[in-house]
Amino acid sequence: MPGLNSEIDVRLLARWLGIQGVKAGLKESRYITVETLNRLAKGLEIEFGKKATRQELIDEIVRVASKRIDKSVDELYRMEQDEIVCYLDEIGVESEELLDFLKQLDLDPGREGRKNLIRFVARELSETGRFKRIASKGRSP
């Protein structure tokens, strides 16, 4: 499919499909070749060595294309906590980008953040498990 890369707006796809959707689409598409991925990367100003794998290309393209935080760290530092919450919610930032952002700033969510994450995971597992147990009671072995 000639000229395919000029028709692909990876940033728009990332907004529509999210990180996992774009990764799956680029990985599974029979039209997206390594050459096409290299052109997409170049359009996003991503530099790769010649030995970069298809998956490495896809991961980095999606990471850059799905980036929604467009304010500098200094701009964010000047904002109040509620303003930052509103901003991050408004732009629809994804968890992966927030975790990358924390790493970039060399910030550790600390004990309380870890507790909240553990509670979230436990709640999700427990609720899903409850639904599975309820659903399995209706089935005969």
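Here's what I pulled together on the structure shown here. Note that the structure is predicted; figures quoted are calculated from it, not measured.

1. Regarding helix α6 (residues 81-91)
Logical step 1: All buried positions along α6 are accounted for by Tyr 87, Leu 88 and Ile 91. Taken around the axis of α6, the buried residues stretch over an arc of 95°, which confines them to a single face. Opposite the packed face of α6, turned more than 90 degrees from it, sit the exposed residues Asp 82, Cys 86, Asp 89 and Glu 90.
Logical step 2: Elements in contact with the buried residues of α6: α2 (10-28), α5 (73-77) and α7 (95-104).
Logical step 3: Just past α6, the residue Gly 92 takes up positive phi, approximately 70°.

2. Some words on the environment of Ile 61
Logical step 1: Along the chain, the position of Ile 61 falls in helix α4 (residues 54-65).
Logical step 2: As a C-alpha pair, Ile 61 and Glu 124 span 63 residues in sequence and 30 Å in three-dimensional space.
Logical step 3: Dropping the residues within four chain positions of it, Ile 61 is found in contact with Val 10, Leu 26, Leu 37, Leu 40, Ala 41, Leu 44 and Ile 46.

3. Brief notes about the packing of helix α3 (residues 34-43) against α4
Logical step 1: Across the interface, α3 lies against α4 with an axial gap of 10 Å and an inter-helix angle of 30°. Regarding the angle of α3 to α4, the classification is roughly parallel. Regarding α3 and α4, the two cross each other, and that crossing is left-handed. Taken together, the residues of α4 that come into contact with α3 (itself represented by Val 34, Leu 37, Asn 38, Leu 40 and Ala 41) are Arg 54, Leu 57, Ile 58 and Ile 61.

4. Thoughts on the packing of aromatic side chains
Logical step 1: According to the stated counting rule, one finds 0 aromatic pairs in the structure shown.
Logical step 2: One residue, Lys 71, lies across the ring of Tyr 87, its end atom 5.1 Å from the ring centre.

5. Observations concerning α4
Each turn of an α-helix holds 3.6 residues, which means side chains three or four residues apart point in the same direction.
Logical step 1: An ideal rise of 1.5 Å per residue puts 16 Å on 12 residues; α4 measures up with 16 Å between its terminal C-alpha atoms.
Logical step 2: Turning to α4, its buried residues are Leu 57, Ile 58, Ile 61, Val 62, Val 64 and Ala 65. The buried residues of α4 all sit within an arc of 165° when viewed along its axis, so they share a single face.
Logical step 3: Along its buried surface, α4 packs onto α2 and α3.

Definitions and cut-offs
Residues numbered from 1 in each chain as written. Predicted model: local features only at pLDDT ≥ 70, side-chain atom pairs only at ≥ 80, totals over all residues. Heavy atoms only, no water. Buried < 20%, exposed > 50% of the residue type's maximum accessible area, 1.4 Å probe, protein only. Helix = DSSP H or I, 4+ residues; strand = E, 2+ residues; numbered from the N terminus. Arc of directions from axis to C-beta. Contact = heavy atoms within 4.5 Å. Axes fitted to C-alpha atoms, helices over the stretch in contact; angles between N-to-C directions. Parallel < 35°, antiparallel > 145°, perpendicular 65-115°, else oblique. Left-handed = near helix turned anticlockwise from the far one by under 90°. Phe/Tyr/Trp six-rings, centres within 6.5 Å; stacked < 30°, edge-to-face > 60°. Lys NZ or Arg CZ within 6 Å of the ring centre and 35° of its normal. Expected span 1.5 Å × (residues − 1).

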